[in-house]
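Take a look at the letters that make up each chain.
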Amino acid sequence: LIQVSFGTLTKQVLLAIPLFIFAGTIMLKGGAARRLVDFSISLVGHLPGGLGIAMVVTMGFFGSFCGSILAAISAVGTVLMPKMIERGYPRPFVVVLAAAAALLESLIPPSNAAIIYSSITEVPISKTFAAGIIPGIVLIGLLTLYVMWVCRKMERPPRAPAAEIWRTFVSSFPALLTPVIIMGGIYGGFLTPTETAAAAALWGILIGALIYRELSFKGLIDALRQTAETTSIIFAIIAMATFMSVILTYTRAPQALIDYVIQFKVDATSFIILSGIVVLILGTFLEVVPISYLTLPVFIPICFALKVDLLQFYVIQTGLIGLGLLTPPVCVGVYTSAAVINEPPAKVFRAVPGFVMVGIVYAIIMMMFPALASWLPARL
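Described in the following lines is the structure provided in the data block. (Residues numbered from 1 in each chain as written. Predicted model: local features only at pLDDT ≥ 70, side-chain atom pairs only at ≥ 80, totals over all residues. Heavy atoms only, no water.)

What to know about the overall build of the chain
To be explicit about the condition: Helix and strand assignments come from DSSP, with helices taken as H or I runs of at least 4 residues and strands as E runs of at least 2, each series counted from the N terminus. Between buried and exposed lies partly exposed: a residue is buried under 20% and exposed over 50% of the maximum accessible area for its type, with that area taken using a 1.4 Å probe on protein chains only. Surface accessibility follows the Shrake-Rupley procedure with a 1.4 Å probe radius. Residue values consider only the protein chains on display as shielding. By the counting scheme adopted, Arg and Lys are positive, Glu and Asp are negative, and His together with the chain ends is not counted. To locate a charge, take NZ of a lysine, CZ of an arginine, CG of an aspartate or CD of a glutamate.
Regarding its fold elements, the chain presents 20 helices and zero strands. Residues counted as buried form 53% of the 380 residues belonging to the chain. Only carbon and sulfur atoms are counted for the fraction: they give 70% of the accessible area of the chain, which is about 16,400 Å². One way to put it: in the chain the 22 positive side-chain charges average out to a point 6 Å from where the 15 negative ones average out.

Focus: unusual backbone geometry
Not every positive phi belongs to a glycine, and Arg213 is a case in point at roughly 55°. Within the element layout of this structure, Arg213 appears in the loop between α12 (193-211) and α13 (217-250). Even without a glycine there, the phi angle at Asn342 is positive, about 55°. Within the element layout of this structure, Asn342 appears in the loop between α18 (332-340) and α19 (352-368). Under the relative-accessibility criterion, Asn342 is labelled exposed at 67%.

Some thoughts on a nonpolar patch on the surface
Test applied: Surface patches are defined over residues having more than 30% relative accessible area and no salt bridge, joining like charges when they lie within 9 Å and nonpolar side chains (Val, Leu, Ile, Met, Phe, Trp, Tyr) when within 5 Å. Each salt bridge in this description consists of a side-chain nitrogen of Lys or Arg and a carboxyl oxygen of Asp or Glu lying within 4 Å of one another.
Side chains of Ile273, Leu274, Ile277, Ile281, Phe285 and Leu286 sit close together on the surface and give an oily, nonpolar patch of about 550 Å² of accessible area. Its place among the elements puts Ile281 in helix α15 (residues 268-282).

Describing the packing of aromatic side chains
Between two aromatic rings, the relevant description is the distance of the centres plus the angle of the planes. As a reminder, the rule being used: Aromatic pairs are defined between Phe, Tyr and Trp rings, using the six-membered ring for Trp, whenever the two ring centres lie within 6.5 Å; interplanar angles under 30 degrees are classed as stacked, those over 60 as edge-to-face, and all others as tilted. Cation placement over rings: the criterion is NZ of Lys or CZ of Arg within 6 Å of the ring centroid and within 35° of the ring normal.
This model, assessed by the stated rule, comprises nine aromatic pairs. Judged by centre distance (4.9 Å) and plane angle (75°), the rings of Tyr146 and Phe355 are edge-to-face. One end of the pair, Tyr146, is in helix α10 (residues 133-150); the other, Phe355, is in helix α19, and 209 residues separate them in sequence. Here Phe355 falls in the buried class, since its relative accessible area comes to 2%. Judged by centre distance (5.7 Å) and plane angle (35°), the ring pair of Trp166 and Phe169 falls under tilted. Residue Trp166 and its partner Phe169 are both found in helix α11 (residues 162-187); the two are separated by three residues, about one turn of the helix. On the basis of relative accessible area, Trp166 is assigned to the exposed category, the value being 56%. Given the relative accessible area of 26%, Phe169 is considered partly exposed. Through a chain of ring-to-ring contacts, three or more aromatic side chains come together here, namely Phe39, Trp166, Phe169 and Phe173. Taking the ring centre of Tyr212 as reference, the NZ or CZ of Arg35 above it sits at 3.9 Å.

Observations concerning the packing of helix α17 (residues 310-322) against α19
Condition: Helix axes are fitted to C-alpha atoms over the stretch in contact, other axes to C-alpha atoms as well, and angles between N-to-C directions run from 0 to 180 degrees. Oblique is the label for any angle not under 35 degrees, not over 145, and not in the 65 to 115 range, which are roughly parallel, roughly antiparallel and roughly perpendicular in turn. Contacts: residue pairs with any heavy atoms within 4.5 Å of one another. All residues other than Ala, Val, Leu, Ile, Met, Phe, Trp, Tyr, Cys, Pro, Asp, Glu, Lys and Arg, Gly among them, are scored as polar; the first ten of these are nonpolar and the last four charged.
Running from N to C, α17 and α19 point in directions that differ by 175°, and their axes come no closer than 9 Å. Overall, the two elements α17 and α19 adopt an arrangement that is roughly antiparallel. Of α19, the residues touching α17 (which contributes Gln312, Val315, Ile316, Gly319 and Leu320) are Tyr362, Ala363, Met366 and Met367. Of the residues belonging to the contact of α17 with α19, the class tally is seven nonpolar, two polar and no charged.

Describing helix α2 (residues 16-29)
In an α-helix, one full turn covers 3.6 residues, which means residues spaced three or four apart are oriented alike. Note the following rule: Helix span, as expected, comes to 1.5 Å for every residue beyond the first.
Over its 14 residues, α2 runs 20 Å from end to end, which matches the ideal 20 Å to within 8%, given 1.5 Å per residue. The element α2 is largely enclosed, with a buried count of eleven among its 14 residues. The set of residues buried in α2 consists of Ala16, Ile17, Pro18, Phe20, Ile21, Phe22, Ala23, Gly24, Thr25, Ile26 and Met27. Following α2 by one or two positions, Gly31 adopts a phi angle in the positive range, close to 95°.

Comments concerning the environment of Arg87
Structurally, Arg87 can be placed in the loop between α5 (69-86) and α6 (91-101). Sequence separation between Arg87 and Arg252 is 165 residues, and the spatial gap between their C-alpha atoms is 57 Å. Arg87 has contacts with Leu51, Met154 and Pro157, leaving out every residue within four places of it along the chain.

A word on the side chain of Thr231
Along the chain, Thr231 turns up in helix α13. Setting aside residues up to four positions removed in sequence, Thr231 forms contacts with Pro18 and Ile21.

So, the nonpolar core
What counts here: Among buried residues, the Ala, Val, Leu, Ile, Met, Phe, Trp, Tyr and Cys ones that are joined through side-chain atoms within 4.5 Å form a nonpolar core.
Of all hydrophobic cores here, the largest spans 114 residues; its most connected members are Met55, Met59, Phe313, Val315 and Leu326. A per-element tally of this core places helix α16 (residues 288-306) first, with ten residues. Those residues within four positions of Leu326 in sequence are excluded, and the remaining contacts are Val96, Ala99, Ala100, Leu103, Cys331, Val334, Val352 and Phe355.

Points about the packing of α11 against α12
Condition: What makes a crossing left-handed is the near helix being turned counterclockwise from the far one by less than a right angle; a clockwise turn instead makes it right-handed.
Across the interface, α11 lies against α12 with an axial gap of 9 Å and an inter-helix angle of 160°. In terms of their interaxial angle, α11 and α12 are classed as roughly antiparallel. Taken as a pair, α11 and α12 cross one another with a handedness that is right-handed. Contacts between α11 and α12 involve Pro174, Ala175, Leu177, Thr178, Ile181, Ile182, Gly185 and Ile186 from the former and Pro193, Thr196, Ala199, Ala200, Trp203, Ile207 and Ile211 from the latter. Tallied by class, the residues present in the contact of α11 with α12 amount to twelve nonpolar, three polar and no charged.

Let's talk about the pattern of salt bridges
By the definition in use, this model includes seven salt bridges. Between Arg167 and Glu164 there is a salt bridge, with its nearest N and O atoms 2.8 Å apart. Here Glu164 and Arg167 lie together in helix α11, a separation of three residues that amounts to about one turn. With a relative accessible area of 47%, Arg167 lands in the partly exposed category. In this structure, Arg225 engages Asp222 in a salt bridge whose closest nitrogen and oxygen atoms are separated by 3.8 Å. One end of the pair is Arg225 and the other is Asp222, both in helix α13 and three residues apart, which spans about a single turn. Under the relative-accessibility criterion, Asp222 is labelled buried at 17%.

Note that all results are geometric; they support no functional claim without further evidence.
In structure tokens, the structure reads:
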């Protein structure tokens, strides 16, 4: 048990997880999240459901350097959720929207889900990161359309003047550079993913302390503490789930399942649907990390046998697993966002089905158009 667990946790690629979490936490403590929110509101605040769209856009962008879904909810939701409620948005809709928008962190790189997927499947992490970009944009579009439809009858504020848009852009520009540093370092061949995560963390400290001047020494210590706590939980889950996957290997469970699938002539599409249903159910009880380590050692050999594109499989599975943040009983995302505005979680569950349908539509689109996941990695 000790040898297997230690061997898994010493993979260099996993070092990127605490570094990206630290980078996102530093951005929150240093004021970058608030400036990104202001810039998003100035751009889309005049549209139907403008504040909701601003939340989706900001969550997607914040997820590009955050590495933690719950941190994204806390960072963006703390700023936007009270504003939305003041403008008359339904409280259940606001709470579930914050949790649903945070799903973007699982897809838009750099994400912990991509790092873990690559560590299990040996797919280069640069390709896994790239595979999530276009699907992440598709999910942003679907959430935006849903928000606009739900809020189509609400009062709309006037369009922000050009001077306001420029002011918020200039203010948020250092934060906007963070994804450029991350993606440029990886795909320019200058840095490994782990080194890029360290560079993002250092950049977060510099802009928080020297540019925005909101990052105090106490804030730095708090960010380090929160990173250590989150990393400890994630790595403990990885260690134990890895041991479970070894047990499955010794019992030849994956091989037996492959033989069963081949015997009954299950095609690739049917397998993707069935595996999606499995992770959708598991997502109501478990989070992304344990589900990945429990299911992927079984699913990946079947993907090879049925010639399923591993990148397409990644974007579908990740999206469906992420829906577990919304669905009870263990809907961590909903509980977190409800806590931001002190709303009893039981009162917001009626808003969950609409967002779950958005997630299912996303998965169907990814199944119908596999090139959305594979086109960009093939060209980088």
